[in-house]
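Chain by chain, the residues run as shown.
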Amino acid sequence: THGIAHHDGMCQRLLHGHRCRIQIMVGEERRPDLEHYVSRDVLGSHVHIATPSQFKGGMIEPGMRGKTHEPVTLAYEGSQGYFEATMPADRVFCVETETSIECIARELARLVKREENTAERVRVTCFEGIDKGSVAEA
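Residues numbered from 1 in each chain as written. Predicted model: local features only at pLDDT ≥ 70, side-chain atom pairs only at ≥ 80, totals over all residues. Heavy atoms only, no water.

A. Inspection of the overall build of the protein at higher detail. A tally of helices and strands in the protein yields two helices and nine strands. In the protein, the succession of α and β elements from N to C terminus is β-β-α-β-β-β-β-β-α-β-β. Against the globule reference of 14 Å for 138 residues, the protein gives a C-alpha radius of gyration of 15 Å, in line with a compact fold. Reported as C-alpha extents along the three principal axes, the dimensions of the protein are approximately 45 × 35 × 20 Å. Within the span of the protein, comprising 138 residues, buried residues form 46% of the whole. Taking all contacts inside the protein whose residues are at least 6 apart in sequence as the whole, residues at least 24 apart take part in 54%. Across the protein, the mean location of the 17 positive side-chain charges is 3 Å away from that of the 21 negative side-chain charges. (Helix = DSSP H or I, 4+ residues; strand = E, 2+ residues; numbered from the N terminus. Rg over C-alpha atoms; globule rule 2.2 N^0.38 Å. Buried < 20%, exposed > 50% of the residue type's maximum accessible area, 1.4 Å probe, protein only. Contact = heavy atoms within 4.5 Å. Lys, Arg positive; Asp, Glu negative; His and termini not counted. Charge placed at Lys NZ, Arg CZ, Asp CG, Glu CD.)

Structure, rendered in structure tokens:
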């Protein structure tokens, strides 16, 4: 799930969700093992994607998922109203600037590059719905 405070549509709602496919390439090779790692171990089946500006209690560094079950509180004001939620830190993945598919793909590409410690190009494609998605390289 995610929430974008300045979005005009339903993505403004905190805990608004999407299901997206992910494709990861390292150099010219598709890496299903990394796709599995990102989708299962990094994001998991229940994760909320947040930005540093959304944290009102607790904090997680960008590019990381919370490590503990300690609660964090996320909140923001949008044109549709005030949104706030408290959840375990290990259910939150933090991205640097915005929870859009473009920023999520960019953060995942950086994470894979860092985890693989490779000089090769890492390309992450996040598919979102029909004719939507993003490609990011690190």
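Next comes the rest of the description.
B. Main features of the packing of aromatic side chains. A full pass over the atoms with the stated rule returns one aromatic pair. For the ring pair Tyr 76 and Phe 83, a centre distance of 5.6 Å and an interplane angle of 45 degrees mean the geometry is tilted. Phe 83 matches Tyr 76 in its accessibility class, with the two residues each being buried. In this structure, Arg 21 packs its charged tip against the face of Phe 127, placed 4.3 Å from the ring centre. (Phe/Tyr/Trp six-rings, centres within 6.5 Å; stacked < 30°, edge-to-face > 60°. Lys NZ or Arg CZ within 6 Å of the ring centre and 35° of its normal.)

C. Examining the sheet that holds strand β2 (residues 29-30) more closely. The sheet built from four strands is open, its strands ordered β2-β1-β8-β9 with antiparallel pairing. In this open sheet, the two edge strands, each paired with only one partner strand, are β2 and β9 (133-137). Pairing geometry for strand β1 (residues 20-26) and β2, over two bridges, is antiparallel. The residue bridging Val 26 from the neighbouring strand is Glu 29, located in β2. Contacts from helix α1 (residues 32-42) reach β1 and β2 within the one sheet, and its direction differs from that of β1 by about 135 degrees. Set on the sheet, helix α2 (residues 101-116) makes contact with β1, β8 (122-128) and β9; between it and β8 the angle comes to about 145 degrees. (Pairing = 2+ DSSP bridges. Axes fitted to C-alpha atoms, helices over the stretch in contact; angles between N-to-C directions.)

D. Fine view of the side chain of His 48. Within the secondary structure, His 48 is located in strand β3 (residues 48-50). Of note is the side chain of His 48, whose polar atom sits 2.6 Å from the side chain of Thr 1. Ignoring sequence-local partners within four residues, the contact set of His 48 consists of Thr 1, His 2, Gly 3, Leu 14, Leu 15, Gln 54, Leu 74, Met 87, Arg 91, Val 92 and Phe 93. (Polar contact = N/O pair within 3.5 Å; in protein donor to acceptor, adjacent residues only side chain to side chain.)

E. Layout of the nonpolar core. If you look at the biggest cluster of nonpolar residues, it comprises 22 residues, and the most contacted ones within it are Ile 22, Leu 43, Phe 93, Leu 108 and Val 124. Element by element, the count of residues in this core is highest for α2, at seven residues. Among residues more than four places away in sequence, those in contact with Val 124 are Ile 22, Gln 23, Ile 24, Ala 105, Leu 108, Ala 109, Ser 134, Val 135 and Ala 136. Judged by nonpolar contacts, the second largest core, of 14 residues, contains Ala 5, Ile 60, Tyr 76 and Phe 83. (Core = buried A, V, L, I, M, F, W, Y, C linked by side-chain atoms within 4.5 Å.)

F. Geometry of α2. Between its first and last C-alpha atoms α2 spans 22 Å; for 16 residues at 1.5 Å apiece the expected length is 22 Å, and the two agree. For α2, the set of buried residues is Ile 101, Cys 103, Ile 104, Ala 105, Glu 107, Leu 108, Ala 109, Leu 111 and Val 112. Its buried side turned inward, α2 meets β1, α1, β3, β7 (92-94), β8 and β9. Two residues or fewer past α2, Asn 117 is found with a positive phi of approximately 50 degrees. (Expected span 1.5 Å × (residues − 1).)

None of this, on its own, says anything about what the molecule does.
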